[in-house]
Amino acid sequence: MSEVIVVTSGKGGVGKTTTTANLGVGLAQRGKSVVLIDTDTGLRNLDLLLGLENRIMYDLVDVTEGRVPYKKALVRHKKYESLFLLPTSQIKDKSAVNPAQLMVLCDELRKEYDYVIIDCPAGIEQGFKTAIAAADRAIVVTMPEVSAVRDADKIIGELGRAEKDNISLIVNRIRPQMVESGDMMDMSDIDDILSIKCIGQIPDDEMVVTSANRGEPLVGNPKSQAGIAYDNIVRRLLGEDVPFMTFAKDGFFSRLKKALGI
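Residues numbered from 1 in each chain as written. Predicted model: local features only at pLDDT ≥ 70, side-chain atom pairs only at ≥ 80, totals over all residues. Heavy atoms only, no water.

**Details of helix 7 (residues 146-161)**
Threshold: Starting at the N terminus, helices and strands are each numbered in turn, a helix being any DSSP run of H or I of at least four residues and a strand any DSSP run of E of at least two. How far a helix is expected to stretch is found by multiplying one less than its residue total by 1.5 Å. Here's how the labels work: a residue is buried when its accessible area is under 20% of the maximum for its type, exposed when over 50%, partly exposed in between, all with a 1.4 Å probe on protein chains only. Note on definitions: a residue-residue contact is assigned when non-hydrogen atoms from the two residues lie within 4.5 Å.
The end-to-end C-alpha separation of helix 7 is 23 Å, in line with the 22 Å expected for 16 residues at 1.5 Å each. If you check which residues of helix 7 are buried, you get Ala148, Val149, Ala152, Ile155, Ile156, Glu158 and Leu159. Where helix 7 is buried, its residues meet strand 1 (3-8), helix 6 (126-132), strand 6 (137-142), strand 7 (167-174) and helix 9 (187-194). Just past helix 7, the residue Glu163 takes up positive phi, approximately 65°.

Next up, the structure:
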């Protein structure tokens, strides 16, 4: 059964597009056929994170306005044959695609692909309303910061008003030492405010920046805690019962133990 998932956030810069790219690659690694749709019209970045920026000929607006069929606009990933990107326009604005158009497109994609994952613009304006229209499931990405969590709460409320009730949470860029010192919200704080099921806790990881610059998502990379965390999220999406990671605190004594092999 095909599923349409929207990845959204209230606050920009929390890792929503990075999450979309990694989930798409992770599902493709497991043999699933996946289409990633960038709906952040005017500010597209998903193509960069996938390393596909030089392969784009047509975009989402071309498809919804009937200039080309969607198959002509899809860009196949260089490494994973079952992963495709439908980029959006860099020159149009977010009103260029409306909810009805995206719903029609997603109904067509459902017939041929296991997963359609929509990268939603941040905020609650027209782009958000368009992106969520066809979704069976919403994944809200936030960070353990008061402003990001408050904005995530607003998004969850808007999803509820749109009658989207299958909502999950991913908490990104967790810094264990800051949580331990009380300088960053912990999961119990976030749960108290948002009260939705968490399917992912991703540690802050410098390798995320490197992977974004290279256009190579981290999912499944055993050298990256973030990559392992994204792989665990993919497994949960596929129905596996996967325990959450325990983040090691990188203090002096933990580094000393590593050096001594203890």
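**Description of the nonpolar core**
As a reminder, the rule being used: By convention a nonpolar core is built from buried Ala, Val, Leu, Ile, Met, Phe, Trp, Tyr and Cys residues, the set being connected through side-chain atoms within 4.5 Å.
With 45 residues, the main nonpolar core has Ile37, Leu105 and Ile118 as its most contacted residues. Not counting chain neighbours up to four residues away, the residues in contact with Ile118 comprise Val4, Ile5, Val6, Val7, Ile37, Thr39, Leu102, Cys106 and Ala131.

**Describing the sheet that holds strand 5 (residues 115-119)**
Strand pairing in a sheet relies on backbone hydrogen bonds, with the paired strands running either antiparallel or parallel. Keep this limit in mind: Note on pairing: two strands pair once DSSP finds at least 2 bridges between them. A fitted line through C-alpha atoms represents every axis, and for helices the fit uses only the stretch in contact; the resulting angles, taken between N-to-C directions, go from 0 to 180 degrees.
With mixed pairing, eight strands are arranged side by side in an open sheet as 3-4-2-5-1-6-7-8. Looking at the sheet topology across the chains shown, the edges are occupied by strand 3 (75-76) and strand 8 (197-203). Bridge count between strand 7 and strand 8: five bridges; the pairing is parallel. For Ser168, the partnering residue across the bridge sits in strand 8 and is Lys197. Helix 1 (residues 16-29) contacts strand 1, strand 2 (34-38), strand 4 (83-86), strand 5, strand 6 and strand 7 of the sheet and is inclined by roughly 165° relative to strand 5. Helix-sheet contacts for helix 7 involve strand 1, strand 6 and strand 7, and the interaxial angle to strand 6 is about 165°.

**As for the UniProt feature "binding site: ATP" (unreviewed entry) in the chain**
Rules: UniProt positions are given in the numbering used here, feature names are shortened, and annotations may be inferred rather than shown by experiment.
Under the UniProt annotation, "binding site: ATP" (unreviewed entry) lies at Lys11, Gly12, Gly13, Val14, Gly15, Lys16, Thr17 and Thr18. Residue placement: Gly12 occurs in the loop between strand 1 and helix 1. Position of Thr17 among the secondary structure elements: in helix 1. Setting aside anything within four residues of it in sequence, one finds Thr17 in contact with Asn45, Leu46, Leu49 and Asp119.

**As for the packing of helix 7 against helix 9**
Which entries qualify depends on this criterion: Left-handed describes a crossing in which the near helix is turned anticlockwise from the far one by less than a right angle; the clockwise case is right-handed. We call Asp, Glu, Lys and Arg charged. Ala, Val, Leu, Ile, Met, Phe, Trp, Tyr, Cys and Pro are nonpolar, and the rest, Gly among them, are polar.
Direction vectors running N to C along helix 7 and helix 9 enclose 35°, while the axes themselves pass 10 Å from each other. Here the hand of the crossing between helix 7 and helix 9 comes out right-handed. Here Val149, Ala152, Asp153 and Ile156 of helix 7 come into contact with helix 9, specifically with Ile190, Ile193 and Leu194. Residue composition of the contact of helix 7 with helix 9, by class: six nonpolar, no polar and one charged.

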